[in-house]
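What follows is the residue order along each chain.
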Amino acid sequence: QLAVSFGPVSGSLAMSPNTWVIEMPTQKARSHPFPRRISPYRAPSLNRDAFTREPPSGPSRNYDHPVFEDIRTILSVLKASGLMPIYEQVSNYEVGPPNKTNEFYSFFVRGVVHALTIFNIYSLFTPNSAQLFYSYRETDNVNQWIELLLCILTYTLTVFVCARNTKRMIRIMNEILELDEAIRRQFGANLNQDFGFSVKFLVGIAASQTYIIVLKIYAVQGVITSTSYILLAFYAIQNGLTATYIVFASALLRIVYIRFHFINQLLNGYTYGQQQKRKGNGGGRQQRGGSYPSPSPSPAIMEHFPEDSLFIYRMHNKLLRIYKGINDCCNLILVSFLGYSFYTVTTNCYNLFVQITAKGMVSPNILQWCLAWLCLHVSLLALLSRSCGLTTREANATSQILSRVYAKCRDYQNIIDKFLTKSIKQEVQFTAYGFFAIDNSTLFKIFSAVTTYLVILIQFKQLEDSKGEDLVPEST
């Protein structure tokens, strides 16, 4: 046996809260289809769909870690667009900064983006873009102009923030990889999950932007100029990449959520309910020679709590640091995107109301345009709200589970007291630059505000209609 110390080195092989014993696998163990459980404690309660067993060890080779393999598609899109650094794979559990060639490529792409942004802003203030603005009412041109300007501002801010946070994002990825490596060594489990939702959202974003641009082209009267084509194409790219980054932020939060859930499942084995289940089953199942993750809850032995708790506390602290790091990298982008989404949802809901209540012929083009925008932004807001809400709830659930362990055994209350004292002083929430928290209630709050503004806009529309009807007899 090899003693590995995470604190002061103990002179004996007796286990202490700062010491783990790692059993070196034999040749027979290596050929076993399931890995040995490196931790000498009980098998954790795991979800078969979320956590997979580590494959048999073989010749060492460099490959992407499963957690980033699941989001490879969305990472490739962000790398190609310059929003993510083209990092180097140093080892299975470490990524390095981009080399000079990749760094120059990202710098060049960002330069092209900023040049096109300046060109499009200039075009908005010239008559060249006038043919792109069609409206049911004259005042709606202003709304479309503001919406286009907010889109440009949001994407430009996204590019600027991503360029500034290149090193921070690589550090977050390495911290996730280090955490997964520690879990693999301790419990023999890979905490990866199928992130198929990210690919589905990418396909949906591409399809919706293509459909919106086709509708816009068909609605333009006359021959479309080259300036209008550039403005339309870059407008679609800006919307698509901004939405892609929101999906990427949601995927990162889902990764953190899975790891919070893992440590909560470990702690849940020490709660009163699980301990009672263990007594009813005549003792927990412990496999001599190592165990592996089980899909059913497995109660823990309380004597192992000091050793497990130290590892879990460190995991929790590191996850909180990763959680805060993701928030710091995305907060400015989230503020801008939420403002842009709020304005887009409000204006499109208003346009739908105008079309539905119009006395003349309803325009199918405008109806399809509004519905496409609403589907895109509502789905992104729902994804972001759900991911933030799940991760925040799981991060705060750790102290609640520990409270149940606290009531179970008085012998280890001093260990739990330190963690609970820190948790009380530490508020865990995902915010938009500190202005407001993003959670499951965010979508409801946004639609409440949209409803309020819709009532105001409808009242102004009715006032405008009444003035127009009063002017008709005077002109005749």
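About the cut-offs
The residue numbers shown here count from 1 along each chain, following its written sequence. Local features in this predicted model are restricted to residues of pLDDT 70 or higher, and side-chain atom pairs are both shown and tallied only at a pLDDT of 80 or more, whereas totals for entire chains, interfaces and linings draw on every residue. To get the side-chain values, all heavy atoms of the structure are used, and hydrogens and water are removed first. Runs of E in the DSSP output that reach at least two residues are strands. Runs of H or I that reach at least four are helices, and both are numbered from the N terminus. Here's how the labels work: a residue is buried when its accessible area is under 20% of the maximum for its type, exposed when over 50%, partly exposed in between, all with a 1.4 Å probe on protein chains only. Between two residues, a contact is recorded if the distance between any of their heavy atoms is within 4.5 Å. Pairs of cysteine sulfur atoms within 2.5 Å are identified as disulfides in what follows. UniProt positions are given in the numbering used here, feature names are shortened, and annotations may be inferred rather than shown by experiment. Under this scheme, a helix contributes an axis fitted over its contacting stretch, all axes are lines through C-alpha atoms, and angles between N-to-C directions fall in the 0 to 180 degree range. For this classification, under 35 degrees means roughly parallel, over 145 means roughly antiparallel, 65 to 115 means roughly perpendicular, and everything else is oblique. Take the far helix as the reference: if the near one is turned anticlockwise from it by less than a right angle, the crossing is left-handed, and if turned clockwise, right-handed. Each residue gets one of three labels, nonpolar for Ala, Val, Leu, Ile, Met, Phe, Trp, Tyr, Cys and Pro, charged for Asp, Glu, Lys and Arg, and polar for the others, Gly among them. Here, expected helix span is obtained from the residue count minus one, scaled by 1.5 Å. Think of a polar contact as two N or O atoms within 3.5 Å of one another; within protein, one of them needs to be a possible hydrogen donor and the other a possible acceptor, and neighboring residues in sequence only count if both atoms come from side chains. Put simply, two rings from Phe, Tyr or Trp (the six-membered ring, in Trp's case) pair if the centres are within 6.5 Å, and we call them stacked under 30 degrees between planes, edge-to-face over 60, tilted for the rest. Charges are assigned to positions over rings by a cutoff of 6 Å between ring centre and Lys NZ or Arg CZ, combined with an angular limit of 35 degrees from the ring normal. Any two strands with at least two DSSP bridges between them are considered paired. Put simply, buried Ala, Val, Leu, Ile, Met, Phe, Trp, Tyr and Cys residues joined by side-chain atoms within 4.5 Å make one nonpolar core. The rule for a salt bridge is simple: a side-chain nitrogen of Lys or Arg has to be within 4 Å of a carboxyl oxygen of Asp or Glu.

Could you clarify how one ought to interpret the overall build of the chain in this entry?
Assigned secondary structure in the chain consists of 13 helices and six strands. Buried positions account for 49% of the 476 residues belonging to the chain. Summarising the internal contacts of the chain: among those between residues at least 6 apart in sequence, 81% fall at separations of at least 24.

In this structure, what is going on with the state of the cysteines? I would like to understand it.
Formally, a disulfide is one covalent bond, and it connects the sulfur atom of one cysteine to the sulfur atom of another. Scanning the entire structure with this criterion turns up zero disulfides. For the unlinked cysteine cysteine 330, the closest cysteine sulfur is that of cysteine 329, found at 6.1 Å. Judged by relative accessible area, which is 1%, cysteine 330 ranks as buried.

Just to check I follow, could you spell out the UniProt feature "transmembrane region" (unreviewed entry) in the chain for this structure?
Residues annotated in UniProt with the feature "transmembrane region" (unreviewed entry) correspond here to residues 107-125, 145-163, 243-260, 325-346 and 366-384. Along residues 243-260, the helical share is 100% and the strand share 0%, with 26 Å between the first and last C-alpha atoms. The span residues 325-346 is 100% helical and 0% strand by assignment, and the distance between its end C-alpha atoms comes to 31 Å.

Mind showing me how you'd approach the environment of proline 97 here?
Locating proline 97 in the fold gives a position in the loop between strand S5 (94-96) and helix H4 (100-124). Under the relative-accessibility criterion, proline 97 is labelled exposed at 60%. Here the alpha-carbon distance between proline 97 and arginine 171, two residues 74 residues apart in the chain, equals 9.5 Å.

What am I meant to see in unusual backbone geometry here?
Outside of glycine, negative phi angles account for most residues, and trans bonds account for most peptide bonds. A positive phi angle, close to 60°, is found at tyrosine 433, a residue other than glycine. Among the secondary structure elements, tyrosine 433 is positioned in the loop between helix H12 (413-425) and helix H13 (442-475). For tyrosine 433, a relative accessible area of 47% translates into the label partly exposed.

I keep staring at the packing of helix H6 (residues 166-187) against helix H8 (residues 226-268) and nothing clicks. Help me out?
Two measures define how a pair of helices packs: the angle their axes make with one another and the distance between the axes. Running from amino to carboxyl end, H6 crosses H8 at an angle of 30°, the nearest separation of the two axes being 13 Å. Relative to H8, the element H6 is oriented roughly parallel. Relative to H8, the crossing made by H6 is left-handed. For the pair H6 and H8, the contacting residues are Met169, Ile176, Leu179, Asp180, Ile183 and Phe187 in the first and Tyr245, Phe248, Leu252, Ile255, Arg259, Phe262 and Leu266 in the second. Looking at the contact of H6 with H8 residue by residue, the class counts come to 11 nonpolar, no polar and two charged.

Looking at this structure, how should I read helix H10 (residues 305-356)?
Owing to its 3.6 residues per turn, the α-helix aligns residues three or four sequence positions apart on the same side. Its 52 residues place the ends of H10 only 64 Å apart at the C-alpha level, less than the 76 Å of an ideal helix rising 1.5 Å per residue. Across the 52 residues that make up H10, a large majority, 39, are buried.

What is the right way to look at the side chain of glutamate 394 in this model?
Note that glutamate 394 resides in helix H11 (residues 364-408). At 3.3 Å, the side chain of glutamate 394 forms a polar contact with the side chain of histidine 261. Those residues in contact with glutamate 394 that lie beyond four places of it in its chain are Tyr257, Phe260, His261 and Asn264.

Help me understand the packing of aromatic side chains in this model?
The description of an aromatic ring pair rests on the distance of the ring centres and on the angle between the ring planes. Using the criterion set out here, one finds nine aromatic pairs in the structure. Geometrically, the ring pair formed by tyrosine 245 and phenylalanine 248 is tilted, given 5.8 Å between the ring centres and 55° between the ring planes. With a gap of three residues between them, tyrosine 245 and phenylalanine 248 both fall in helix H8, about one helical turn apart. Here phenylalanine 342 and tyrosine 453 contribute two aromatic rings whose centre-to-centre distance is 5.5 Å and whose plane-to-plane angle is 75°, an arrangement assigned as edge-to-face. Placement of the pair is phenylalanine 342 in helix H10 and tyrosine 453 in helix H13, with a sequence separation of 111 residues. Residue phenylalanine 342 is classed as partly exposed on the basis of its relative accessible area of 23%. We classify tyrosine 453 as partly exposed; its relative accessible area is 45%. Cation over ring: lysine 216 sits above tryptophan 369, and NZ or CZ is 4.9 Å from the ring centre.

What is the right way to read the pairing of strand S4 (residues 88-91) from this model?
Within a regular beta strand, the side chains point alternately toward one face of the sheet and then the other, so they alternate between its two faces. Of the strand pairs in this sheet, S4 and S5 are connected by three bridges, and their pairing is antiparallel. Paired with glutamate 88 across the strands is glycine 96, a residue of S5. If you look at the hairpin formed by S4 and S5, you'll find two residues sitting between the two strands.

Would you take a moment to explain helix H7 (residues 196-219) for this structure?
Here H7 spans 35 Å end to end across 24 residues, near enough to the 34 Å set by a 1.5 Å rise per residue. Of all the positions in H7, only Phe197, Ser198, Leu202, Ile205, Ser208, Gln209, Ile212, Ile213, Leu215, Lys216 and Ala219 are classed as buried.

What should I look at first to understand the nonpolar core in this one?
If you look at soluble globular proteins, the nonpolar side chains tend to sit buried side by side. In this structure, Ile71, Tyr245, Phe248, Phe305 and Ile326 are the most contacted members of the largest nonpolar core, which totals 116 residues. At 24 residues, the largest contribution of residues to this core is made by H8.

It is not clear to me how the side chain of lysine 79 should be interpreted in this structure. Could you clarify?
You can see lysine 79 is positioned in helix H3 (residues 72-80). Those residues within four positions of lysine 79 in sequence are excluded, and the remaining contacts are Met84, Pro85, Ile86, Tyr87 and Tyr105.

Before we go on, may I ask you to explain the pattern of salt bridges in this structure?
Side chains bearing opposite charge may pair, as long as their charged atoms lie close to each other. Within this structure, the stated rule accounts for five salt bridges. A salt bridge links glutamate 178 to lysine 318, with the nearest nitrogen and oxygen atoms 3.8 Å apart. Here the residue glutamate 178 occupies a position in helix H6, and lysine 318 occupies one in helix H10, the gap between them amounting to 140 residues. On the accessibility criterion, glutamate 178 (41% relative accessible area) is partly exposed. The salt bridge involving aspartate 180 is made with arginine 259; its shortest N-O contact spans 2.8 Å. Remark: arginine 259 occurs in helix H8 and aspartate 180 occurs in helix H6; sequence separation between them is 79 residues.

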